[in-house]
Amino acid sequence: ATLASIKAAASRGDFDRAEALLFQPGPVHLHVDAINVCFHACATHRDLVNAERFTRILVERGVEPNIVTFNALINMCAVHGDSDRAMEWLVTMVRSGHEPSEGTMGALCKAFASKGMVHRVRAVMTAIDDAGLPLNEYFFASFITACGLAQPPQPDLAVAAFNDLVARGLRPQAVRHKLGQVVGVAATDGLFARLRASSAEEAVPVQPGARHDNRGSSSMSEHGATWPLPGFGAAMVAVLVGGDRPDLATGLRTRHGPSKHLESARDGEQGHNE
């Protein structure tokens, strides 16, 4: 087997063949680069089951997943609408010593939004805001999507989120399509018309040489915090999973036991080393 043959099999979605080639004796036998090729092909095909399979193989080789791997897994969970699995990977990531990035939390909100979990998306956004981290348009788009998929739908909350986005100086156009799906095209056009009228009334000429700052409350200069923020992952897990808020000096405490995803791989590795 060669790296090229493994990549070819994985690229066409033949992951059984790719795994068989991985285990053949030779220069690429269980090589980390070859395993990563398979994993990234899974991400391209949005194949969560096989992505988790190659992650276990990677762990068995003694390589812990990094933030890119975890983000890809959580994003695949979001694509499949599997919010429970997304949460399990967040817990696993935090217990592995990684802090979530903006992309991690964005993917998690996408997973919650796909299930209409308005309260969960709001909990994430509130935690981010309270931690002094910036919220971007992606989070508001997820919240608005969740409002539309909730049972019953929550159009008033979607409009409130839109108004909050505008107040923060973020780009309203970024959520226009999502908002239209929730409150209707006519209502959305009306909101944007009022926004244009309000902007025209409040416009203040900028003097030559003056700096016009319209970054809103999401700017780093106002929040003063950046991703990744130490301790945020453990605090976020405590909010979403429940149980005691963790003492970050002594480790994470939640109702969850060891991650079922990586535990078997670690057991296999320990057995191999004994």
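Up top is the structure these notes are about.
Residues numbered from 1 in each chain as written. Predicted model: local features only at pLDDT ≥ 70, side-chain atom pairs only at ≥ 80, totals over all residues. Heavy atoms only, no water.

Participant: Is there a simple way to explain the state of the cysteines in this structure?
Facilitator: In protein structure, a disulfide is the covalent linkage between the sulfur atoms of two cysteines. The full count for this structure, using the stated rule, is 0 disulfides. Just so you know, Cys-38 is unpaired, no disulfide at all, and the nearest cysteine sulfur is the one on Cys-42, 7.0 Å from it. Look at Cys-38 and you get buried, because its relative accessible area is 0%. (Disulfide = S-S within 2.5 Å. Buried < 20%, exposed > 50% of the residue type's maximum accessible area, 1.4 Å probe, protein only.)

Participant: Explain the packing of helix α2 (residues 15-22) against helix α3 (residues 32-45) here, please?
Facilitator: Axis angle and axis distance: for two packed helices, these are the angle between their axes and the distance between the axes, and together they describe the pair. Contact pair α2 / α3: the axes reach a minimum separation of 10 Å and the direction vectors enclose 170°. In this view, α2 runs roughly antiparallel relative to α3, as classed from their interaxial angle. Here Phe-15, Ala-18 and Leu-22 of α2 lie close against α3, whose contacting residues are Ala-34, Ile-35, Cys-38, Ala-41, Cys-42 and His-45. Split by residue class, the contact of α2 with α3 holds 8 nonpolar, 1 polar and no charged. (Axes fitted to C-alpha atoms, helices over the stretch in contact; angles between N-to-C directions. Helix = DSSP H or I, 4+ residues; strand = E, 2+ residues; numbered from the N terminus. Parallel < 35°, antiparallel > 145°, perpendicular 65-115°, else oblique. Contact = heavy atoms within 4.5 Å. Nonpolar A, V, L, I, M, F, W, Y, C, P; charged D, E, K, R; others polar.)

Participant: When you look at the nonpolar core in this model, what are you seeing that I'm missing?
Facilitator: Generally speaking, soluble globular proteins have nonpolar side chains that are buried together. Of all hydrophobic cores here, the largest spans 76 residues; its most connected members are Leu-90, Met-105, Leu-108, Val-124 and Ile-128. In this structure, Met-105 is in contact with Pro-100, Val-124, Ile-128, Phe-139, Trp-227, Phe-232 and Met-236, ignoring residues within four places of it in sequence. (Core = buried A, V, L, I, M, F, W, Y, C linked by side-chain atoms within 4.5 Å.)

Participant: Looking at this model, I keep getting lost on the side chain of Asn-50. Mind explaining?
Facilitator: Among the secondary structure elements, Asn-50 is positioned in helix α4 (residues 48-60). Here Asp-47 takes part through its side chain, which lies 2.8 Å from a polar atom of the side chain of Asn-50. With near-sequence residues (within four places) excluded, Asn-50 lies in contact with Phe-15 and Cys-42. (Polar contact = N/O pair within 3.5 Å; in protein donor to acceptor, adjacent residues only side chain to side chain.)

Participant: Even after reading the chapter, I still don't get helix α6 (residues 83-95), so can you show me in this structure?
Facilitator: Structurally, the α-helix is built with 3.6 residues per turn, so residues lying three or four positions apart point the same way. Compared with an ideal rise of 1.5 Å per residue, which puts 13 residues at 18 Å, α6 spans 18 Å between its outermost C-alpha atoms and is within 8% of the ideal. Taking burial as the measure, the 13 residues of α6 include 10 buried ones, the bulk of the element. (Expected span 1.5 Å × (residues − 1).)

Participant: Just checking my understanding: could you explain the packing of aromatic side chains for this structure?
Facilitator: Each pair of aromatic rings is reported with the distance of its centres and the angle of its planes. All chains considered together, the criterion is met by 4 aromatic pairs. When the ring of Phe-70 is compared with that of Trp-89, the centres are 6.1 Å apart and the planes differ by 55°; the resulting orientation is tilted. With a gap of 19 residues between them, Phe-70 in helix α5 (residues 67-79) and Trp-89 in helix α6 connect regions that are remote in the sequence. As far as the burial class goes, Phe-70 and Trp-89 line up, both buried. Aromatic pair Trp-227 and Phe-232: ring centres 5.6 Å apart, planes at 85°, arrangement edge-to-face. Just above the ring of Phe-54 sits the side chain of Arg-53; from NZ or CZ to the centre is 5.6 Å. (Phe/Tyr/Trp six-rings, centres within 6.5 Å; stacked < 30°, edge-to-face > 60°. Lys NZ or Arg CZ within 6 Å of the ring centre and 35° of its normal.)

Participant: What is the right way to look at the environment of Ala-9 in this model?
Facilitator: Residue position: Ala-9 is located in helix α1 (residues 3-11). In the structure, Ala-9 is positioned 32 residues away from Ala-41 in sequence and 9.4 Å away in space, judged by C-alpha atoms. Ignoring any residue separated from it by four or fewer positions in sequence, one finds Ala-9 in contact with Asp-14, Arg-17, Ala-18 and Leu-21.

Participant: Please explain the pattern of salt bridges as it appears in this structure.
Facilitator: For side chains bearing opposite charge, pairing can occur when the charged atoms are close. Counted under the stated rule, the structure contains 8 salt bridges. As a salt-bridge pair, Glu-137 and Arg-171 come within 3.3 Å of each other at their nearest N and O atoms. One end of the pair, Glu-137, is in helix α9 (residues 137-149); the other, Arg-171, is in the loop between α10 (155-167) and α11 (176-183), and 34 residues separate them in sequence. Here Glu-137 falls in the buried class, since its relative accessible area comes to 14%. Salt bridges here are not isolated pairs; linked through shared partners, they connect Asp-16, Glu-19 and Arg-53. (Salt bridge = Lys/Arg side-chain N within 4 Å of Asp/Glu carboxyl O.)

Participant: What's the story with α1 in this structure? I'm lost.
Facilitator: Those residues of α1 that sit buried are Ile-6, Ala-9 and Ala-10. With its buried residues spanning 95° around the axis, α1 presents them on a single face. On the buried face of α1, the contacting elements are α2 and α3. Trailing α1 by a residue or two, Gly-13 shows a phi angle of about 85°, which is positive. (Arc of directions from axis to C-beta.)

Participant: Even after reading the chapter, I still don't get the packing of α9 against α10, so can you show me in this structure?
Facilitator: Closest axis-to-axis distance for the α9/α10 pair is 9 Å, and the angle between their directions is 170°. In terms of their interaxial angle, α9 and α10 are classed as roughly antiparallel. Within the contact between the two elements, α9 uses Glu-137, Phe-140, Phe-143, Ile-144 and Cys-147 and α10 uses Leu-157, Ala-158, Ala-161, Asp-164 and Leu-165. In terms of residue class, the contact of α9 with α10 is made up of 8 nonpolar, no polar and 2 charged.

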